[in-house]
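# Report on the structure
These are the residues of each chain, in order.
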Amino acid sequence: MFSWLPLEIAEPIANAFKSICGAVARLFLPDWQYFWMADALASHTQVPASYVIYAFIYCTLYAGAWSALAIALFHDREVAKDAIN
């Protein structure tokens, strides 16, 4: 992407660009590592109820936030031509 620049200039810019893109991705994507329960299931240990409750709350809030954003973005849009006002 920055190959048209000299190498000593392009490398720090590319690293900064990757850091910024990674930070934005971490901001919008959920932390899937927290939901990884394969180790507990493989060792036949019981999944704690607090984990299930926390995961439910996390998923509900995450879906609610994206739904609220979608409603805010499409509030004034007419999606269908035959919509009733």
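Residues take numbers from 1 onward in each chain, read along the sequence in its written order. With pLDDT at 70 or above as the cut-off, local features in this predicted model cover only qualifying residues; side-chain atom pairs require 80 or more to be listed or tallied, and sums for whole chains, interfaces and linings still use all residues. No hydrogens and no water enter the side-chain calculation; it runs on all heavy atoms of the structure.

### Some points on the overall build of the protein chain
Under the DSSP-based scheme used, a helix requires at least four consecutive residues in state H or I and a strand at least two consecutive residues in state E, with every element numbered from the N terminus. In terms of helices and strands, the protein chain carries three helices and zero strands. Across the protein chain, helices and strands are ordered from the amino to the carboxyl terminus as α-α-α. For each residue, the accessible area found with a 1.4 Å probe, counting protein chains only, is set against the maximum for its type, and the residue is called buried under 20%, exposed over 50%, and partly exposed in between. Across the 85 residues that make up the protein chain, the buried fraction comes to 9%. Methods summary: accessible areas were calculated by the Shrake-Rupley approach with a probe of 1.4 Å, and residue burial reflects only the protein chains presented. When the accessible surface of the protein chain is summed, it comes to about 7,700 Å², and 69% of that surface belongs to carbon and sulfur atoms.

### What to know about the environment of Y34
Relative to the assigned elements, Y34 resides in the loop between α1 (7-28) and α2 (38-42). With a relative accessible area of 39%, Y34 lands in the partly exposed category. As for Y34 and Y51, which are separated by 17 residues in sequence, their C-alpha atoms are 9.5 Å apart. When checking whether two residues touch, look at their non-hydrogen atoms; a contact exists if any pair is within 4.5 Å. Each residue touching Y34, except ones within four places of it in the same chain, is listed here: Y51 and Y54.

### Thoughts on the packing of aromatic side chains
When the centres of two rings from Phe, Tyr and Trp lie within 6.5 Å, Trp using its six-membered ring, the rings pair. Their planes under 30 degrees apart give stacked, over 60 give edge-to-face, and anything left gives tilted. Under the definition given, this model contains three aromatic pairs. Here a set of aromatic residues connected by ring pairs shows up, and it is made of Y54, Y58, Y62 and W66.

### Concerning unusual backbone geometry
Leave glycine aside and you will find that most residues have negative phi; peptide bonds, for their part, are mostly trans. Phi at H44 is positive, roughly 60 degrees, even though this residue is not glycine. By secondary structure assignment, the location of H44 is in the loop between α2 and α3 (49-74).

### Quick word on a nonpolar patch on the surface
Two distance rules govern patches: like charges are joined within 9 Å, and nonpolar side chains (Val, Leu, Ile, Met, Phe, Trp, Tyr) within 5 Å, applied only to residues with over 30% relative accessible area and no salt bridge. The term salt bridge refers to a side-chain nitrogen of Lys or Arg lying within 4 Å of a carboxyl oxygen of Asp or Glu. Together, I20, V24, L27, F28, W66, L69, L73 and F74 make up an exposed nonpolar region whose accessible area comes to about 820 Å². Contributions of two or more residues to the nonpolar patch are made by α1 and α3. Classification of L27 by relative accessible area gives exposed; the value is 65%.

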